[in-house]
Amino acid sequence: MSRSHGHSSAPPIITLYDIPGHTPQPWAPNIWRIRFILNYKRLRYRTVWVEFPDIEHTLHSIRAPPSSVRSDGRPVYTLPVIVDPTRNPRAPEILSNPNNIAEYLEAVYPARPVFPEGSRALQSLFVHYIQEVFVKPLLPIMIPLSHQRLPARSQSHFSHPTAQPLPPGPDRERAWQLVKEQFDFLATVLDKNIGDGDGVCAMGYHVSYADFALCSVLLWIKSMAAHDGWARVREWNGGRWERLHERCKDYMDVL
C-alpha cells in the first residue's frame, strides 16, 4: 500500500503464516482451516510463506507461542500462526494452534459466525474427530506425496525421509479403501441432517467451522493427489464431497 500525502499509511491487517508447496496455492489442511475463516469473515489479511526449516526461527523472532508442548516439556512450533495488529498495533495478538486461532477470530470478529449459537461444543467434537480419526487412513498416502511436492529445502529438512508413495497395485487400493470407509461413515452421519439440512453441511444448510475443517482435507487431497486421490473422492457417496467443495469455493481466496 502506498502512503497518502506522507502522513498516513494503510491500516494494519492480519498476517497469516503458511507453508509453501510445489505451487503458489496453499495445501496444508490445518492452515486452510484458518484461511477459510479469514475469507468467510471477510477480514483483511496477507500471507507470509515460511518453509519448514525456517519455522522455529521465524516464530521465535515474532515471539509466537508454541502450538503444543512435548511430553518432555519441549515446545513444538508449527503453523498456522496469525499476527493481528488491528486492535493494538503496538502490541499485536500473536496466536498459534488452529483451534485457538479459530476461537480467537470468532470472539474478536463475531460478524458472520463460524460457530452458530449453541454449536461450539458439537463442532469442536466434530473437528477433533476429523483431526484424530478421519484423517488417519489418509496419512500413509498423503504424507509421502506431500513430502515429494515440497520445495527442495523443505524436503531436505526432514532427517528421516518419509516412505515412498504407494505404487499402483493392491497395496494402494487397500489404502484407499480404508480412506473410503471413513468417508462412508461420515456420509451416514451427515445423512441424519437431511430434512433439517442438505446432507452436505454439518450444521444444516450453511457452512461452518466443521465444514471448513473437512473441506481443508479435501483441498489437501486435491492439491497433492489430484489424479489418483481427488478423482476418487469427488465421486464417492454420490458426489457429496465435490458438492461440499463447491459450497466452500467462495472462501478459497489466497491473499
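Structure: above.
Nothing here was measured: the structure is a model prediction, and the numbers come from that model.

### Points about the overall build of the chain
Inference 1: When helices and strands are counted, the chain shows ten helices and six strands.
Inference 2: Radius of gyration (C-alpha) of the chain: 19 Å, near the 18 Å computed for a compact globule of 255 residues.
Inference 3: Projected onto its principal axes, the C-alpha coordinates of the chain cover approximately 65 × 50 × 40 Å.
Inference 4: The proportion of buried residues among the 255 residues of the chain is 47%.
Inference 5: When contacts within the chain are restricted to residue pairs at least 6 apart in sequence, those whose partners lie at least 24 apart make up 67%.
Inference 6: When the accessible area of the chain is evaluated, it comes to approximately 13,400 Å², of which 54% is carbon and sulfur surface.
Inference 7: Looking at the chain, you have 28 positive and 25 negative side-chain charges, and the mean spots of the two groups are 5 Å apart.

### Section: the environment of Y40
Inference 1: If you trace the backbone, Y40 turns up in helix 1 (residues 29-40).
Inference 2: Separated by 149 residues in the primary sequence, Y40 and V189 place their C-alpha atoms 25 Å from one another.
Inference 3: Ignoring any residue separated from it by four or fewer positions in sequence, one finds Y40 in contact with R112, P113, V114, V207, F212 and Y251.

### Observations regarding the packing of aromatic side chains
Inference 1: Counted according to the given criterion, the structure contains twelve aromatic pairs.
Inference 2: Plain terms: the ring middles of W32 and F36 are 5.1 Å apart, the flat faces sit at 40 degrees to each other, and that makes the pair tilted. Linking W32 with F36, this pair stays in helix 1, spanning four residues, or about one helical turn.
Inference 3: Pairing Y129 with F185 gives two aromatic rings, centres 6.2 Å apart and planes at 65 degrees, and the pair type is edge-to-face.

### A word on the side chain of S154
Inference 1: One can find S154 in helix 6 (residues 152-157).
Inference 2: Beyond its immediate chain neighbours, meaning those up to four positions away, S154 contacts E51, F52 and P53.

### Quick notes on the nonpolar core
Inference 1: Residues L105 and W241 are the most contacted members of the largest nonpolar core, which totals 78 residues.
Inference 2: Every residue in contact with W241, bar those within four places of it in the chain, is listed here: F183, L186, A187, L190, L214, L218, W230, V233 and W236.

### Observations concerning the sheet that holds strand 6 (residues 93-96)
Inference 1: Strand order in the open sheet made by the four strands is 2-1-5-6, with mixed pairing throughout. Of all the strands in the sheet, the pair left with one neighbour each is strand 2 (45-49) and strand 6. The sheet shows a mean angle of 20 degrees between the axes of neighbouring strands, taken without regard to direction.
Inference 2: As paired elements, strand 5 (residues 81-84) and strand 6 share four bridges and run antiparallel to each other.

The rules we used
- Residues numbered from 1 in each chain as written.
- Predicted model: local features only at pLDDT ≥ 70, side-chain atom pairs only at ≥ 80, totals over all residues.
- Heavy atoms only, no water.
- Helix = DSSP H or I, 4+ residues; strand = E, 2+ residues; numbered from the N terminus.
- Rg over C-alpha atoms; globule rule 2.2 N^0.38 Å.
- Buried < 20%, exposed > 50% of the residue type's maximum accessible area, 1.4 Å probe, protein only.
- Contact = heavy atoms within 4.5 Å.
- Areas by Shrake-Rupley, 256 points an atom, 1.4 Å probe, with all protein chains shown as cover.
- Lys, Arg positive; Asp, Glu negative; His and termini not counted.
- Charge placed at Lys NZ, Arg CZ, Asp CG, Glu CD.
- Phe/Tyr/Trp six-rings, centres within 6.5 Å; stacked < 30°, edge-to-face > 60°.
- Core = buried A, V, L, I, M, F, W, Y, C linked by side-chain atoms within 4.5 Å.
- Pairing = 2+ DSSP bridges.
- Axes fitted to C-alpha atoms, helices over the stretch in contact; angles between N-to-C directions.

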